[in-house]
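# Results of the structural survey
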Amino acid sequence: MKAITVRDRDAGVQGLTLTDMPYPHAAENDVIVRVHAAGFTPGELDWPTTWTDRAGRDRTPTIPGHELSGVVADLGYGTTGLTVGQRVFGLTDWARDGSLAEYTAVEARNLAPLAADVDHPVAAALPISGLTAWQGLFDHAHLTAGQTVLVHGAAGGVGSIAVQLGREVGARVIGTGRAADRTVVLSLGAQAFVDLDADDLRQVGEVDVVLDVIGGDILRRSTELVRPGGTVVTIAAPPEVQPRDGRAVFFVVEPDRARLVDLAERVRTGRLRPIVGAVRPLDETASAFARRQRTAGKTIIKIAD
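To start, this report covers the structure provided alongside it. (Residues numbered from 1 in each chain as written. Predicted model: local features only at pLDDT ≥ 70, side-chain atom pairs only at ≥ 80, totals over all residues. Heavy atoms only, no water.)

## Observations regarding the nonpolar core
Soluble, globular proteins show a tendency: their nonpolar side chains are buried together. Counted only if it meets this: Residues belong to a common nonpolar core when they are buried Ala, Val, Leu, Ile, Met, Phe, Trp, Tyr or Cys residues joined through side-chain atoms within 4.5 Å. Classification of residues uses two cut-offs on accessible area relative to the type maximum, computed with a 1.4 Å probe and protein chains only: under 20% is buried, over 50% is exposed, and between them is partly exposed. Only runs of H or I of at least four residues qualify as helices and only runs of E of at least two qualify as strands under DSSP, and these elements are numbered from the N terminus. Here, residues are in contact when the closest pair of their heavy atoms is within 4.5 Å.
In terms of nonpolar packing, the biggest core is built from 42 residues, with F89, L137 and V149 touching the most fellow members. Elements that contribute at least two residues to this core include exactly strand 5 (87-91), helix 2 (127-140), strand 8 (148-151), helix 3 (157-169), strand 11 (207-212) and helix 6 (257-268). No other element matches helix 2, which puts 6 residues into this core. When sequence neighbours within four positions are dropped, the list of residues in contact with V149 reads L137, L143, A171, R172, V173, I174 and V209. The next biggest cluster of nonpolar side chains, apart from the first, holds 27 residues, and it includes V6, L16, F40 and I303.

## Observations concerning the layout of surface pockets
Think of a ball as big as a water molecule: rolled over the atoms, this probe shows where empty space is left. Stated precisely, the cut-off is as follows: A pocket, in this scheme, is an open set of points on a 1 Å grid over the protein atoms alone with protein on both sides within 12 Å along at least 5 of 7 lines, while a cavity is a set where a 1.4 Å probe fits but cannot get out; residues line either one if an atom lies within 4 Å of a point. Grid points are joined across faces, edges and corners, and a volume is the space filled by probe spheres set on the points. Polar here means any residue outside two lists: the nonpolar Ala, Val, Leu, Ile, Met, Phe, Trp, Tyr, Cys and Pro, and the charged Asp, Glu, Lys and Arg; Gly therefore counts as polar.
Considered as a void within the structure, the second largest pocket measures approximately 170 Å³ in volume. As for the second largest pocket, its lining consists of 14 residues, and the residues nearest its centre are P24, I63, D97, T104 and A105. A breakdown of the residues in the lining of the second largest pocket according to their chemical character gives 8 nonpolar, 3 polar and 3 charged.

## Focus on the packing of helix 2 against helix 3
The angle between the axes and the distance between the axes are what describe a pair of packed helices. Put simply, the test is: The axes are straight lines fitted to the C-alpha atoms, using for helices just the contacting stretch, and the angles between their N-to-C directions are given from 0 to 180°. Each angle receives one of four descriptions, namely roughly parallel if under 35 degrees, roughly antiparallel if over 145, roughly perpendicular if within 65 to 115, and oblique otherwise. If you view the pair so one helix is near and one far, a crossing is left-handed when the near helix is turned anticlockwise from the far one by less than a right angle, and right-handed when it is turned clockwise.
The N-to-C vectors of helix 2 and helix 3 enclose an angle of 50 degrees; their axes lie 8 Å apart at closest approach. Taken together, the axes of helix 2 and helix 3 are oblique relative to one another. In the crossing of helix 2 with helix 3, the sense of the turn from one axis to the other is right-handed. Residues S129, G130, T132, A133, W134, L137 and F138 of helix 2 pack against G157, V158, I161, A162, L165, G166 and V169 of helix 3. Its residues assigned to classes, the contact of helix 2 with helix 3 comprises 9 nonpolar, 5 polar and no charged.

## Considering the sheet that holds strand 9 (residues 172-177)
Convention followed: The rule for pairing is simple: two strands pair if DSSP sees at least two bridges between them.
Taken together, 6 strands build an open sheet; the order of strands is 10-9-8-11-12-13 and the sheet is parallel. With partners counted over all chains shown, the strands left at the sheet margins are strand 10 (192-195) and strand 13 (247-250), one partner each. This sheet shows a mean twist of 15 degrees between the axes of neighbouring strands, independent of strand direction. Summarising the sheet, strand 12 (residues 226-234) and strand 13 pair through 4 bridges and their orientation is parallel. Of the residues in strand 13, the one forming a bridge with V233 is V249. The strands that helix 2 touches are strand 8, strand 11, strand 12 and strand 13; relative to strand 12, the one it contacts most, it runs at about 150 degrees. Across the sheet, helix 5 (residues 216-223) lies against strand 8, strand 11 and strand 12, angled at about 160 degrees from strand 12, the strand it touches most.

## A closer look at the side chain of T176
Filter applied, for reference: Here a polar contact means two N or O atoms within 3.5 Å. Within protein one must be a hydrogen donor candidate and the other an acceptor candidate, and residues neighboring in sequence count only if both atoms are side-chain atoms.
Position of T176 among the secondary structure elements: in strand 9. Residue class for T176 comes out buried when judged on its relative accessible area of 0%. Engagement of the side chain of T176 in a polar contact is seen with the side chain of H152, the distance being 2.9 Å. With near-sequence residues (within four places) excluded, T176 lies in contact with L150, V151, H152, G153, A154, F193, V194 and L196.

## Here's the deal with the environment of G130
Tracing the backbone through its elements, the reader meets G130 in helix 2. Among the residues examined, G130 registers a relative accessible area of 0% and is labelled buried. Along the backbone, G130 and T144 are 14 residues apart, and their C-alpha atoms lie at a distance of 18 Å.

## Regarding helix 5
Stated formally: To be clear, the arc concerns the directions from the helix axis to the C-beta atoms.
Along helix 5, the positions that sit buried rather than exposed are I218, L219, S222 and T223. Each buried residue of helix 5 sits inside an arc of 135 degrees when the element is viewed along its axis, so together they form one side. Of the surrounding secondary structure, the elements contacted by the buried residues of helix 5 are strand 8, strand 11 and strand 12.

## Re the pairing of strand 10
Here is the rule we go by: For a crossover, the right-handed case is the one in which the path from the first strand over the helix to the second runs clockwise, viewed with the strands pointing away from the viewer.
In this structure, strand 9 lies alongside strand 10, joined through 4 bridges in parallel fashion. Counted as the bridge partner of G175 is F193 from strand 10. The parallel pair strand 9 and strand 10, bridged by helix 4 (residues 182-187), forms a crossover whose chirality is right-handed.

## Quick look at unusual backbone geometry
A cis amide bond links T60 to the next residue, P61, at an omega of 0 degrees. For N29, which is not glycine, the phi dihedral falls at a positive 70 degrees. Looking at where N29 falls in the secondary structure, it is placed in the loop between strand 2 (17-20) and strand 3 (30-39). Relative accessible area serves as the criterion here: at 38%, N29 is assigned to the partly exposed category. Although it is not a glycine, H142 sits at a positive phi angle of roughly 55 degrees. By the secondary structure assignment, H142 is in the loop between helix 2 and strand 8. Classification of H142 as partly exposed rests on a relative accessible area of 48%.

Structure (structure tokens):
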């Protein structure tokens with residue numbers, strides 16, 4: 001099969017190559033998925049699990065990418081709940097070969113059924129972004145109706161979904177981004193937009209929740225906006241500053257089949273709209289990773305029709 005692989009950690013994006021790889025082995029409780037569309041996180045080439053397994057052993061050549069949508073091709077021993085030919089989407093394991101391949105092996109529990117009327121590129125944009133937005137807002141920050149949430153990177157994969165989920169629960173949503181993001185963010189339902197290049201972040205006033213995907217100085221300044229009892233949630237890096245009389249939480253998204261089912265149903269019924277950015281073929285993965293121009297939404301790699 002064809003796959004994108006990396007072998008040299010120091011090579012960075014330049015080390016991404018299109019390679020012939022063996023058809024994956026289905027371990028117990030695994031599913032082999034014929035991948036139709038895949039998502040990736042640009043920073044994953046810096047993750048330790050991209051290069052070593054859980055025991056710390058080198059596992060190169062590695063296939064990156066951890067989001068996928070496709071069709072079940074084979075079942076491992078003992079796998080139940082899914083059938084060959086079924087449409088599925090979900091997350092691959094952080095320390096196993098990923099989704100930027102024609103076929104990949106995934107634990108069945110990390111996959112959810114996908115309705116026929118949800119396109120594969122849309123579904124591939126949902127697992128990490130959708131679960132991160134949900135877990136950040138509700139599992140960690142406990143956002144409720146009537147509260148105010150500040151969503152950084154509100155036109156991106158995580159932020160765009162967080163804006164929509166926040167509005168649906170009845171929160172007041174303030175989105176941030178660049179000037180070109182304003183129209184998209186407001187169209188998703190945010191009541192206000194802050195241009196991080198031109199506006200003073202302090203104009204936001206006090207908020208109950210901050211959802212941060214940027215880190216650094218933006219995260220530090222955001223903690224000053226949290227009212228007593230509020231929460232800053234970040235996926236960028238462990239926070240160095242705590243809000244006064246509040247909490248700061250760093251987390252890594254976790255697989256959740258039941259939540260994936262719920263998110264896919266929201267997409268199917270029009271209650272949630274993941275923003276798909278550029279859609280590129282597998283042989284353009286390296287340039288997609290290296291993309292310098294910011295675009296709204298999530299870049300998707302299309303692997304099969």
